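Now for the letters of each chain:
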Amino acid sequence: MSLSTANWIYPTPLALSPDFVAACQDDALIAQLMWQRGIRTPSAAKAYLNPSAYTPASHWDLPDMQAGVDCIKAAITQQKTICVWGDFDADGQTSSALLVSVLQTLGADVRYYIPNRQRESHGIKIDSLEKQIAAGAQVILTCDTGISEVDAIAYARAVNVDVVVTDHHTIPDQLPPANANINPQRLPVGHPARTLPGVGAAYLFANALGEAFGIDAVADPHLDLVAIGIVADVAAQTGDCRYLLQLGLNALRTTQRTGLHALLAKAELKQNALTATDIGFGIGPRLNALGRLGDATYAVQLLITENETLAKQLADQIEQLNQQRKHITEQIYNSARRQIDANPHVLTRNVLVLAHDKWESGVTGLVASRLVGDYQRPVILLVSGKDGLSRGSARSVAGCNITEAIRSCADLLLGFGGHPMAAGLSLKTADLPTFAQQVSYAAAQQPDFDASAAAEIQIDAITPLNALTPAFYQRLQQLAPFGAGNRPIQLVSEDVQLVSHTLMGRQKQHRRLTLTDGTQAEVNAVWWRSHDAALPEGAFSLHYTLGINTYRGNDNLQLTWQSFQAVNVVDTESVTRYALHDYRQQPLTDAHLAGDSLIWNEGNPALKGVKRDALQRCQHLVIADCPPSLAVLQHVLDTTHPTQITVAAPAKAPVTLTRYLERLGGLLKTVIAKFDGEITLQKLASLMNSDPQTVQLGLQLLEHHGLFTSIVLGEMVTTRLGATKRLRPGTAAVRSRLNTRLNEENAFRKYFMTADLEQLFSE
């Protein structure tokens, strides 16, 4: 990011209890950061910071766990050949390696199979299954796949092959006819194990299986693999998932795994200081490169081999593919950005959907992740083939379950699957425009998705540059590991100035900068992909994250530049102030309206005037109605640029939810009857004398009641009468959010009628 167009939301200082601060290592800053993350009791704080104080859920909580253990235990006892069927991404690779290793420990006759992405894509294809059965597989144990494979598993059962599914992807409407379907997503919402990825489900199953043989924690020697799978699959690091990642990182820092030693050497990572970031940017991408561009079978081989020569050979092959992956990813990323620049209207959608016939399908997920970071919204990238079909990957943001949004478009899809943060899908290329509209609308209907959140950055602390020491960094690391579900700590330093800067990287795409502030301290920062970004002039406020740069074996504190805000120096003598006239709740005469007067009126029957969508520049603005929010008032002032303002708003009764919905419903019926169901959002908001965001919530609630179907794309609203009048899931949450917005509008109108005008119009 360059100059920040987002609002920085600063934390509110809190007076926290001594008991809570004590539970946070007696560190007031850590206590504040914990509270901001929703950790608000001493016991929860201790468990968050120290895994030894956390009690994980039992693996027996998962539905079908006992049936799955019984099936695989019988297979081991009877020496049946078990085929571990995995997936080609890092989560599937680590899951497969973990299960194969544990089964070998328990004396099983085990083999493994990883589908080839280019030939088979995800899942279980019946022709591949037939080959494995013909080769001797008598039991199939899946990991990171299988929960949607109804036909393939039905085929296996029909030929007397038992199937146990361990997976974590979204539960389909129909479960497959497996002996057991073990999936954290089958747990109740809020269960601490529900966010586990495929490797987490495999770990729980393996430990349960070990108990059946009288061996406790049989999978714990493989916690290093669990850590890799959790981070690489962007699993939400909450509850049991965070706990296992903490244990897994400790295991990874001391791992004796031959293949990982070879991989870490290639990635130039220091084993004893590995972090979740190292997995996310160093280990995970290398393992994924095999699955995306080669054969992921070799990745499983790397993770289980004890042969150093073979490990080095495989690590060399992975490194070559990783370099190729980087090159292809950069090409597609640049192509996607050019497509957006040429068609900026796509940015009006809540979900960014792009397609191209020349992209490499194996890296669309990686590019989608980068674009999510750029545009702070879910992204779907698709490759359009010559067969008339488009296939691709989706990545999401917090609050949007992208798989559920895609599921709502099932009538347009040929196939899909995934979990809340990532998904894969295929559809007819001809249906792409309709799909882009529908999935964008579906995302907006989710109660936890807030499209405006992309315009806000939650700042954790304001810190002078001279406070950025290794000791300060170690204090912040108490909240690590960071990632999905536990975002990195966002810092701001003020009155920053640029000392020097230079381009770096093979293609000179990045910048290394030296910064200072009023403390006279100098620090180094890196600004990724900033070669063509404008540098700030003069003093500015900098938003950044803090890390350690281990380049060439040296550990140096380093800021990662996120965004900046210029410090505006205001010449108070040259500021044009409004000439203000206060006639609130008083009658106006023609004399008060002399000159170039423009009356803004959206609900005062005593005066005529224009609504928000018809405003234009004027010298004298008459505000004849209470604005619903400060944002709307500022919009009016920015549009009209007046030098003289007369406030003539009468008192207004609070707007109730029922009244608001009745008014909005009546307007929508008029729009459908007279304007073919199309109206701008600004026009609709002005007719409602409401904030556009409040109107959008009203549209959502009417849709949840089945009364209307409305699609908001940019500034255009398209509405139709609903087909069925019935409540949808999430209605209560939308109703609550709309009630909150209406209360805020009522409170602002009340404030507007009593506030000091000089103060009000200087805000």
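So, a few notes on the structure that sits alongside this text. (Residues numbered from 1 in each chain as written. Predicted model: local features only at pLDDT ≥ 70, side-chain atom pairs only at ≥ 80, totals over all residues. Heavy atoms only, no water.)

1. What about the overall build of the chain?
For the chain, the count of helices and strands is 25 helices and 25 strands. For a compact globule of 763 residues, the expected C-alpha radius of gyration is about 27 Å, and the chain comes in at 29 Å, within 12% of that figure. With the C-alpha coordinates aligned to their principal axes, the bounding extent of the chain is approximately 100 × 65 × 55 Å. Taken over 763 residues, the chain has a buried fraction of 51%. (Helix = DSSP H or I, 4+ residues; strand = E, 2+ residues; numbered from the N terminus. Rg over C-alpha atoms; globule rule 2.2 N^0.38 Å. Buried < 20%, exposed > 50% of the residue type's maximum accessible area, 1.4 Å probe, protein only.)

2. Topic: the nonpolar core
Of all hydrophobic cores here, the largest spans 121 residues; its most connected members are Ile72, Leu98, Leu103, Phe205, Ile380, Ile406 and Phe435. At 10 residues, helix H15 (residues 308–342) tops the list of elements feeding residues into this core. With sequence-adjacent residues up to four places away left out, Ile406 is seen in contact with Ile380, Ala394, Leu413, Phe416, Ala423, Leu425, Phe435 and Val439. Counting 40 residues, the second-largest nonpolar core is a separate cluster that includes Leu29, Ile30, Ala521 and Tyr544. (Core = buried A, V, L, I, M, F, W, Y, C linked by side-chain atoms within 4.5 Å. Contact = heavy atoms within 4.5 Å.)

3. Quick word on helix H7 (residues 126–134)
Ser128, Leu129, Gln132 and Ile133 are the residues of H7 that are buried. Mapping the buried residues of H7 onto a view down its axis gives an arc of 140 degrees, with all of them on the same face. Set apart from the buried face of H7 by more than 90 degrees, the exposed residues are Lys131 and Ala134. Tucked inside the fold, the buried residues of H7 contact strand S2 (81–85), strand S3 (109–113), helix H6 (117–120), strand S4 (139–143) and helix H8 (150–158). Positioned one or two residues after H7, Gly136 has a phi angle of 120 degrees, which is positive. (Arc of directions from axis to C-beta.)

4. Structural notes on the side chain of Asn181
In this fold, Asn181 is placed in strand S6 (residues 180–182). Looking at Asn181, the relative accessible area reads 4%, which means it is buried. Within the structure, Asn181 has its side chain in polar contact with the backbone oxygen of Pro176 (distance 3.1 Å). With residues up to four places along the chain from it excluded, the contact list for Asn181 reads Pro63, Asp64, Ile147, Val165, Leu175, Pro176 and Arg186. (Polar contact = N/O pair within 3.5 Å; in protein donor to acceptor, adjacent residues only side chain to side chain.)

5. Remarks on the sheet that holds S2
Across the sheet, five strands lie side by side as S3-S2-S4-S5-S6; this open sheet has parallel pairing. The open sheet is flanked by S3 and S6, the only strands paired with a single partner. With strand direction ignored, the average angle separating the axes of adjacent strands in the sheet is 20 degrees. Pairing between strand S5 (residues 162–166) and S6: three bridges, direction parallel. Paired with Val164 across the bridge in S6 is Ala180. (Pairing = 2+ DSSP bridges. Axes fitted to C-alpha atoms, helices over the stretch in contact; angles between N-to-C directions.)

6. Looking at the layout of surface pockets
Volume-wise, the second largest pocket comes out at about 590 Å³. Considering the residues around the second largest pocket, the lining is formed by 18 residues, among which Ser408, Ala442, Gln445, Glu703 and Arg728 are closest to the centre. For the lining of the second largest pocket, the elements supplying multiple residues, two or more each, are helix H17 (402–407), helix H18 (432–445), helix H23 (692–704) and strand S24 (708–713). The biggest single contributor to the lining of the second largest pocket is H18, with four residues. Here the residues of the lining of the second largest pocket sort into seven nonpolar, six polar and five charged. (1 Å grid on protein atoms, 1.4 Å probe; cavity = no way out; pocket = protein on both sides within 12 Å on 5 of 7 lines; lining within 4 Å. Points joined across faces, edges and corners; volume = space filled by probe spheres on them. Nonpolar A, V, L, I, M, F, W, Y, C, P; charged D, E, K, R; others polar.)

7. Focus: the sheet that holds strand S8 (residues 379–384)
Read from one edge to the other, the open sheet built from five strands follows the order S7-S8-S9-S11-S10, with strand pairing classed as mixed. Two strands bound the open sheet, and with one partner strand each, they are strand S7 (352–356) and strand S10 (413–419). The sheet shows a mean angle of 15 degrees between the axes of neighbouring strands, direction not considered. In this sheet, strand S11 (residues 422–428) lies alongside S10 in antiparallel orientation, the contact comprising six bridges. In the strand pairing of S11, Gly415 is matched with Ser426.

8. With respect to the packing of aromatic side chains
Under the counting rule described, the total for this entry stands at 10 aromatic pairs. Seen in terms of ring centroids, Phe540 and Phe564 are 5.8 Å apart; in terms of plane orientation they differ by 70 degrees. Their pairing is edge-to-face. Note that Phe540 is positioned in strand S17 (residues 540–549) and Phe564 in strand S18 (residues 556–566), a separation of 24 residues in sequence. The pair Phe540 / Phe564 is uniform in exposure class, with both members buried. Measuring from ring centre to ring centre gives 6.0 Å for Trp561 and Phe564, while their planes differ by 75 degrees; the resulting arrangement is edge-to-face. Each member of the pair, Trp561 as well as Phe564, carries the same accessibility label: buried. Taken together, the ring pairs connect Trp527, Phe540, Trp561 and Phe564 into an aromatic cluster. For Lys73, the ring lying beneath its charged end belongs to Phe213, and the centroid distance is 5.8 Å. (Phe/Tyr/Trp six-rings, centres within 6.5 Å; stacked < 30°, edge-to-face > 60°. Lys NZ or Arg CZ within 6 Å of the ring centre and 35° of its normal.)

9. Let's talk about the environment of Leu244
With respect to the element layout, Leu244 can be found in helix H11 (residues 239–253). Classification of Leu244 by relative accessible area gives buried; the value is 4%. Considered as a pair, Leu244 and Asp224 are 20 residues apart in the sequence and their alpha carbons are 9.6 Å apart. Not counting residues within four places of it along the chain, the set of residues in contact with Leu244 comprises Leu196, Tyr203, Leu223, Val226 and Ile230.

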